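Working through the structure, step by step
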Amino acid sequence: MTHIALKLGYIGSNFYGFQSQPNLRTVVGELVYNLKKLNYINNPKEGHFRIAGRTDRGVHSLGNVVVFKSNKDFNINELNDSLPDDIRVLGYSNVSDNFNPRHANTRWYRYVLFNSNLNMDLLDKASKKFIGTYDFSNFTNKGADNTIRTIQNIKVDKVNISNNIFLNNNDSSRTLENISDDDLNLLNSSEDFSNAPIFIDIYGENFLWNMVRKIIRVILDVNYGNLDLEDIDNLLHPKFSQKPVIKLTNPRQLILMDVKYNDIKFSYDEYAIMRFSKTITNNLINYKREYAISKSLLDSLTNLSN
(Lines give C-alpha, C1' and ligand atoms only; values in the text may rest on other atoms or scores of the structure.)
Protein backbone atom coordinates (compact mmCIF):
# COMPACT_ATOMS: atom_id res chain seq x y z
CA MET A 1 0.00 0.00 0.00
CA THR A 2 1.42 3.37 -1.09
CA HIS A 3 1.13 6.56 0.98
CA ILE A 4 0.64 9.46 -1.44
CA ALA A 5 0.67 13.23 -0.79
CA LEU A 6 -1.07 15.51 -3.29
CA LYS A 7 -0.43 19.22 -3.85
CA LEU A 8 -3.77 20.87 -4.67
CA GLY A 9 -4.74 23.99 -6.56
CA TYR A 10 -8.35 25.16 -6.47
CA ILE A 11 -10.48 28.24 -7.12
CA GLY A 12 -12.18 28.84 -3.80
CA SER A 13 -14.96 31.06 -5.15
CA ASN A 14 -16.80 27.98 -6.38
CA PHE A 15 -16.78 26.03 -3.11
CA TYR A 16 -18.38 26.18 0.33
CA GLY A 17 -14.95 25.76 1.90
CA PHE A 18 -12.40 22.97 1.88
CA GLN A 19 -13.71 20.41 4.38
CA SER A 20 -16.65 18.14 3.59
CA GLN A 21 -20.12 19.48 4.43
CA PRO A 22 -23.45 17.71 3.91
CA ASN A 23 -25.21 18.68 0.64
CA LEU A 24 -22.67 21.42 -0.15
CA ARG A 25 -19.92 21.50 -2.77
CA THR A 26 -16.50 21.43 -1.11
CA VAL A 27 -12.96 20.69 -2.25
CA VAL A 28 -12.60 17.57 -0.11
CA GLY A 29 -16.05 16.40 -1.16
CA GLU A 30 -15.10 16.54 -4.85
CA LEU A 31 -11.69 15.00 -4.25
CA VAL A 32 -12.91 12.08 -2.14
CA TYR A 33 -15.75 11.38 -4.59
CA ASN A 34 -13.29 11.06 -7.48
CA LEU A 35 -10.71 9.07 -5.49
CA LYS A 36 -13.49 6.57 -4.68
CA LYS A 37 -14.80 6.55 -8.26
CA LEU A 38 -11.32 5.70 -9.59
CA ASN A 39 -10.81 3.01 -6.89
CA TYR A 40 -7.93 4.73 -5.15
CA ILE A 41 -9.78 4.51 -1.83
CA ASN A 42 -12.97 2.85 -0.60
CA ASN A 43 -13.68 5.58 1.92
CA PRO A 44 -11.69 8.31 3.71
CA LYS A 45 -11.23 6.28 6.92
CA GLU A 46 -9.91 3.12 5.27
CA GLY A 47 -7.81 5.21 2.90
CA HIS A 48 -6.23 7.12 5.82
CA PHE A 49 -7.28 10.36 4.11
CA ARG A 50 -5.81 13.40 5.92
CA ILE A 51 -5.42 17.10 5.18
CA ALA A 52 -2.78 19.73 5.88
CA GLY A 53 -5.43 22.26 6.85
CA ARG A 54 -8.81 23.74 6.02
CA THR A 55 -9.50 26.87 4.05
CA ASP A 56 -12.69 28.89 4.42
CA ARG A 57 -15.32 29.41 1.77
CA GLY A 58 -13.92 31.59 -1.01
CA VAL A 59 -10.22 31.06 -0.17
CA HIS A 60 -8.08 29.87 -3.08
CA SER A 61 -5.07 27.58 -3.10
CA LEU A 62 -1.99 26.70 -5.10
CA GLY A 63 -0.46 24.44 -2.48
CA ASN A 64 -2.78 22.75 0.01
CA VAL A 65 -1.85 19.15 0.76
CA VAL A 66 -3.84 15.95 1.32
CA VAL A 67 -2.57 12.40 1.80
CA PHE A 68 -4.12 8.96 1.42
CA LYS A 69 -3.07 5.31 1.18
CA SER A 70 -3.90 3.18 -1.84
CA ASN A 71 -3.16 -0.23 -3.33
CA LYS A 72 -3.51 1.27 -6.80
CA ASP A 73 -0.60 2.95 -8.60
CA PHE A 74 -1.25 6.69 -8.69
CA ASN A 75 -1.77 8.39 -12.05
CA ILE A 76 -2.00 12.19 -11.80
CA ASN A 77 -3.57 12.60 -15.25
CA GLU A 78 -6.25 9.99 -14.52
CA LEU A 79 -7.32 11.84 -11.37
CA ASN A 80 -7.16 15.29 -13.00
CA ASP A 81 -9.22 14.06 -15.95
CA SER A 82 -11.92 13.01 -13.49
CA LEU A 83 -11.81 16.15 -11.32
CA PRO A 84 -13.72 19.33 -12.23
CA ASP A 85 -11.67 22.12 -13.83
CA ASP A 86 -11.61 24.27 -10.68
CA ILE A 87 -9.58 21.64 -8.77
CA ARG A 88 -6.21 20.41 -9.96
CA VAL A 89 -3.62 18.07 -8.52
CA LEU A 90 -0.50 20.08 -9.39
CA GLY A 91 2.03 17.65 -7.94
CA TYR A 92 2.49 14.59 -5.75
CA SER A 93 5.01 12.70 -3.65
CA ASN A 94 5.27 9.26 -2.11
CA VAL A 95 5.63 9.69 1.65
CA SER A 96 6.36 7.49 4.64
CA ASP A 97 3.59 5.80 6.63
CA ASN A 98 4.13 8.15 9.59
CA PHE A 99 3.88 11.33 7.50
CA ASN A 100 1.37 13.79 8.98
CA PRO A 101 0.39 16.61 6.59
CA ARG A 102 -0.51 18.90 9.50
CA HIS A 103 3.12 18.96 10.66
CA ALA A 104 4.33 21.41 8.02
CA ASN A 105 7.40 23.56 8.44
CA THR A 106 5.87 26.58 6.72
CA ARG A 107 2.48 27.67 5.51
CA TRP A 108 2.51 30.59 3.10
CA TYR A 109 -0.59 32.76 2.67
CA ARG A 110 -0.98 35.69 0.32
CA TYR A 111 -3.61 38.39 0.77
CA VAL A 112 -4.28 40.64 -2.23
CA LEU A 113 -5.29 44.28 -1.66
CA PHE A 114 -6.62 46.63 -4.34
CA ASN A 115 -6.63 50.01 -2.62
CA SER A 116 -4.02 52.20 -4.33
CA ASN A 117 -4.30 54.87 -1.58
CA LEU A 118 -2.76 52.68 1.10
CA ASN A 119 0.45 53.87 2.75
CA MET A 120 3.09 51.25 1.89
CA ASP A 121 5.42 52.33 4.67
CA LEU A 122 2.67 52.07 7.28
CA LEU A 123 1.56 48.70 5.89
CA ASP A 124 5.12 47.44 6.27
CA LYS A 125 5.53 48.80 9.82
CA ALA A 126 2.22 47.31 10.94
CA SER A 127 3.03 43.96 9.32
CA LYS A 128 6.44 43.70 10.98
CA LYS A 129 4.77 44.01 14.40
CA PHE A 130 3.38 40.49 13.95
CA ILE A 131 6.69 38.76 13.25
CA GLY A 132 7.65 36.56 16.20
CA THR A 133 5.92 34.30 18.72
CA TYR A 134 2.81 35.69 20.41
CA ASP A 135 -0.54 34.80 21.93
CA PHE A 136 -2.96 35.18 19.01
CA SER A 137 -6.12 34.48 21.03
CA ASN A 138 -7.52 37.86 19.89
CA PHE A 139 -7.14 36.76 16.28
CA THR A 140 -9.47 33.77 16.14
CA ASN A 141 -13.21 33.22 16.43
CA LYS A 142 -12.86 29.80 18.03
CA GLY A 143 -11.43 28.77 21.34
CA ALA A 144 -8.21 26.75 21.13
CA ASP A 145 -6.22 25.01 23.84
CA ASN A 146 -3.04 26.66 22.61
CA THR A 147 -3.19 30.07 20.94
CA ILE A 148 0.57 30.65 20.83
CA ARG A 149 1.71 30.92 17.22
CA THR A 150 4.85 32.05 15.42
CA ILE A 151 4.87 34.32 12.37
CA GLN A 152 8.12 33.58 10.58
CA ASN A 153 7.95 36.50 8.17
CA ILE A 154 5.59 39.01 6.52
CA LYS A 155 6.38 40.72 3.21
CA VAL A 156 4.49 43.65 1.68
CA ASP A 157 4.90 44.35 -2.02
CA LYS A 158 3.12 46.53 -4.56
CA VAL A 159 2.88 44.68 -7.86
CA ASN A 160 2.66 46.25 -11.30
CA ILE A 161 0.57 43.84 -13.36
CA SER A 162 0.68 44.50 -17.08
CA ASN A 163 -2.53 44.05 -19.03
CA ASN A 164 -0.49 42.46 -21.81
CA ILE A 165 0.63 39.58 -19.60
CA PHE A 166 0.21 37.03 -22.38
CA LEU A 167 1.82 38.92 -25.23
CA ASN A 168 5.31 37.90 -26.34
CA ASN A 169 5.34 35.11 -23.75
CA ASN A 170 6.40 31.81 -25.28
CA ASP A 171 5.55 29.89 -22.09
CA SER A 172 1.89 30.88 -22.45
CA SER A 173 1.33 29.44 -25.93
CA ARG A 174 -0.30 26.21 -24.71
CA THR A 175 -2.39 28.08 -22.16
CA LEU A 176 -3.86 30.22 -24.96
CA GLU A 177 -4.72 27.31 -27.27
CA ASN A 178 -8.33 27.41 -28.50
CA ILE A 179 -8.88 30.95 -27.20
CA SER A 180 -10.53 33.09 -29.87
CA ASP A 181 -8.95 36.28 -31.23
CA ASP A 182 -11.78 38.30 -29.68
CA ASP A 183 -11.13 36.82 -26.23
CA LEU A 184 -7.37 37.27 -26.62
CA ASN A 185 -7.88 40.95 -27.44
CA LEU A 186 -10.15 41.28 -24.42
CA LEU A 187 -7.57 39.55 -22.23
CA ASN A 188 -4.88 42.00 -23.32
CA SER A 189 -7.11 45.07 -23.42
CA SER A 190 -5.99 48.35 -21.90
CA GLU A 191 -9.01 48.40 -19.56
CA ASP A 192 -7.40 48.04 -16.16
CA PHE A 193 -9.10 47.08 -12.94
CA SER A 194 -6.10 45.53 -11.21
CA ASN A 195 -5.35 48.90 -9.54
CA ALA A 196 -1.70 47.99 -8.81
CA PRO A 197 -2.50 45.25 -6.28
CA ILE A 198 -0.57 44.94 -3.03
CA PHE A 199 0.52 41.48 -1.91
CA ILE A 200 0.86 40.75 1.80
CA ASP A 201 2.65 37.42 2.16
CA ILE A 202 2.47 35.80 5.59
CA TYR A 203 4.64 32.82 6.58
CA GLY A 204 4.14 30.65 9.64
CA GLU A 205 4.26 27.06 10.80
CA ASN A 206 0.51 26.99 11.49
CA PHE A 207 -2.37 29.38 12.01
CA LEU A 208 -5.53 29.61 14.08
CA TRP A 209 -8.92 29.72 12.40
CA ASN A 210 -9.45 33.16 10.73
CA MET A 211 -6.09 34.32 12.08
CA VAL A 212 -4.69 35.53 8.73
CA ARG A 213 -7.79 37.53 7.79
CA LYS A 214 -7.89 39.18 11.23
CA ILE A 215 -4.20 40.09 10.99
CA ILE A 216 -4.91 41.75 7.64
CA ARG A 217 -7.87 43.66 9.15
CA VAL A 218 -5.68 45.07 11.92
CA ILE A 219 -2.96 46.04 9.44
CA LEU A 220 -5.59 47.88 7.37
CA ASP A 221 -7.12 49.54 10.43
CA VAL A 222 -3.71 50.99 11.30
CA ASN A 223 -3.50 52.31 7.74
CA TYR A 224 -6.97 53.86 7.97
CA GLY A 225 -6.17 55.52 11.30
CA ASN A 226 -8.59 53.37 13.29
CA LEU A 227 -5.72 51.86 15.30
CA ASP A 228 -2.21 52.91 16.28
CA LEU A 229 0.88 50.77 15.89
CA GLU A 230 1.00 50.45 19.68
CA ASP A 231 -2.48 48.89 19.63
CA ILE A 232 -1.00 45.86 17.84
CA ASP A 233 1.31 45.27 20.82
CA ASN A 234 -1.71 45.25 23.14
CA LEU A 235 -3.62 42.84 20.89
CA LEU A 236 -0.65 40.45 20.87
CA HIS A 237 -0.41 40.54 24.68
CA PRO A 238 -4.01 39.87 25.82
CA LYS A 239 -4.84 41.26 29.22
CA PHE A 240 -8.63 41.35 29.21
CA SER A 241 -11.23 38.60 29.54
CA GLN A 242 -13.41 40.20 26.85
CA LYS A 243 -11.91 39.85 23.40
CA PRO A 244 -11.96 42.86 21.05
CA VAL A 245 -14.08 42.52 17.91
CA ILE A 246 -11.82 42.25 14.86
CA LYS A 247 -13.82 42.01 11.67
CA LEU A 248 -12.83 39.56 8.98
CA THR A 249 -11.53 40.65 5.58
CA ASN A 250 -12.91 39.20 2.34
CA PRO A 251 -11.89 35.52 1.98
CA ARG A 252 -11.87 35.75 -1.84
CA GLN A 253 -8.70 37.85 -1.67
CA LEU A 254 -6.80 35.18 0.25
CA ILE A 255 -4.65 32.47 -1.36
CA LEU A 256 -2.94 29.55 0.36
CA MET A 257 0.19 29.70 -1.77
CA ASP A 258 2.02 26.68 -0.37
CA VAL A 259 2.45 24.20 2.46
CA LYS A 260 6.11 23.22 2.83
CA TYR A 261 7.87 20.26 4.46
CA ASN A 262 11.62 20.06 4.91
CA ASP A 263 11.87 16.36 4.03
CA ILE A 264 9.27 16.11 1.25
CA LYS A 265 9.89 17.02 -2.39
CA PHE A 266 6.83 17.19 -4.64
CA SER A 267 7.00 16.31 -8.32
CA TYR A 268 5.04 18.98 -10.17
CA ASP A 269 3.30 18.06 -13.40
CA GLU A 270 3.70 20.53 -16.29
CA TYR A 271 0.53 19.35 -18.04
CA ALA A 272 -1.53 19.77 -14.85
CA ILE A 273 -0.13 23.25 -14.31
CA MET A 274 -0.90 24.19 -17.93
CA ARG A 275 -4.50 22.96 -17.62
CA PHE A 276 -5.07 24.88 -14.40
CA SER A 277 -3.52 27.98 -16.00
CA LYS A 278 -5.99 27.64 -18.86
CA THR A 279 -8.93 27.45 -16.42
CA ILE A 280 -7.75 30.58 -14.61
CA THR A 281 -7.18 32.34 -17.95
CA ASN A 282 -10.75 31.58 -19.03
CA ASN A 283 -11.98 32.94 -15.69
CA LEU A 284 -9.99 36.11 -16.29
CA ILE A 285 -11.57 36.51 -19.72
CA ASN A 286 -15.05 36.11 -18.23
CA TYR A 287 -14.28 38.62 -15.43
CA LYS A 288 -13.01 41.16 -17.94
CA ARG A 289 -16.07 40.66 -20.12
CA GLU A 290 -18.42 41.13 -17.15
CA TYR A 291 -16.41 44.16 -16.05
CA ALA A 292 -16.67 45.77 -19.49
CA ILE A 293 -20.41 45.08 -19.71
CA SER A 294 -21.09 46.37 -16.18
CA LYS A 295 -19.05 49.51 -16.82
CA SER A 296 -20.95 50.11 -20.05
CA LEU A 297 -24.26 49.78 -18.20
CA LEU A 298 -23.15 52.23 -15.50
CA ASP A 299 -21.91 54.74 -18.08
CA SER A 300 -25.18 54.48 -19.99
CA LEU A 301 -27.23 55.02 -16.85
CA THR A 302 -25.13 58.10 -16.07
CA ASN A 303 -25.77 59.47 -19.55
CA LEU A 304 -29.52 58.99 -19.13
CA SER A 305 -29.57 61.45 -16.22
CA ASN A 306 -27.60 64.13 -18.07
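Residues numbered from 1 in each chain as written. Predicted model: local features only at pLDDT ≥ 70, side-chain atom pairs only at ≥ 80, totals over all residues. Heavy atoms only, no water.

1. As for the overall build of the protein
Using the following cut-off: For helices the rule is a DSSP run of H or I covering at least 4 residues; for strands it is a run of E covering at least 2, with both sets numbered from the N terminus onward. Note on classification: 1.4 Å probe, protein chains only; a residue is buried when its accessible area is under 20% of the maximum for its type, exposed when over 50%, partly exposed between these limits. It only takes one pair of heavy atoms within 4.5 Å for two residues to be counted as in contact. For accessible areas, the Shrake-Rupley method is used with a probe of radius 1.4 Å. Any residue's cover is judged against the shown protein chains and nothing else.
Per the secondary structure count, the protein includes 7 helices and 10 strands. Within the span of the protein, comprising 306 residues, buried residues form 46% of the whole. Sequence-distant contacts, at least 24 apart, represent 81% of the contacts inside the protein between residues at least 6 apart. Roughly 16400 Å² of accessible area belongs to the protein as shown, and the carbon and sulfur atoms make up 46% of that amount.

2. Here we look at the pattern of salt bridges
What counts, and what does not: The term salt bridge refers to a pairing of a side-chain nitrogen on Lys or Arg with a carboxyl oxygen on Asp or Glu at a separation within 4 Å.
Per the counting criterion, the structure on display carries 13 salt bridges. Its salt-bridge partner being Asp258, residue Lys7 comes within 2.7 Å of it at the nearest N-O pair. Taken together, the positions of Lys7 in strand β1 (residues 2-10) and Asp258 in strand β9 (residues 254-260) put the pair 251 residues apart, joining distant regions of the chain. Residue Lys7 shares its accessibility class with Asp258, and that shared class is buried. A salt bridge links Glu78 to Lys72; the shortest N-O distance between them is 3.2 Å.

3. A look at the nonpolar core
What tends to happen in soluble globular proteins is that the nonpolar side chains get buried as a cluster. Operational definition: Grouping buried Ala, Val, Leu, Ile, Met, Phe, Trp, Tyr and Cys residues that are joined through side-chain atoms within 4.5 Å yields what is termed a nonpolar core.
Judged by nonpolar contacts, the single largest core of 44 residues is most densely connected at Phe130, Phe136, Phe139, Ile200, Ile202, Ile215 and Tyr261. Within the residue set of this core, elements represented by two or more residues are β3 (60-70), β5 (106-113), α3 (120-128), β7 (148-158), β8 (198-204), α5 (211-224), α6 (229-235) and β9. The element contributing the most residues to this core is α5, with 8 residues. Not counting chain neighbours up to four residues away, the residues in contact with Phe130 comprise Phe136, Phe139, Ile151, Ile154, Ile215, Val218, Ile219, Ile232 and Leu236. Phe18, Val66, Leu79 and Val89 belong to the second largest nonpolar core, which has 24 residues in total.

Just geometry here; none of it tells us what the structure is for.
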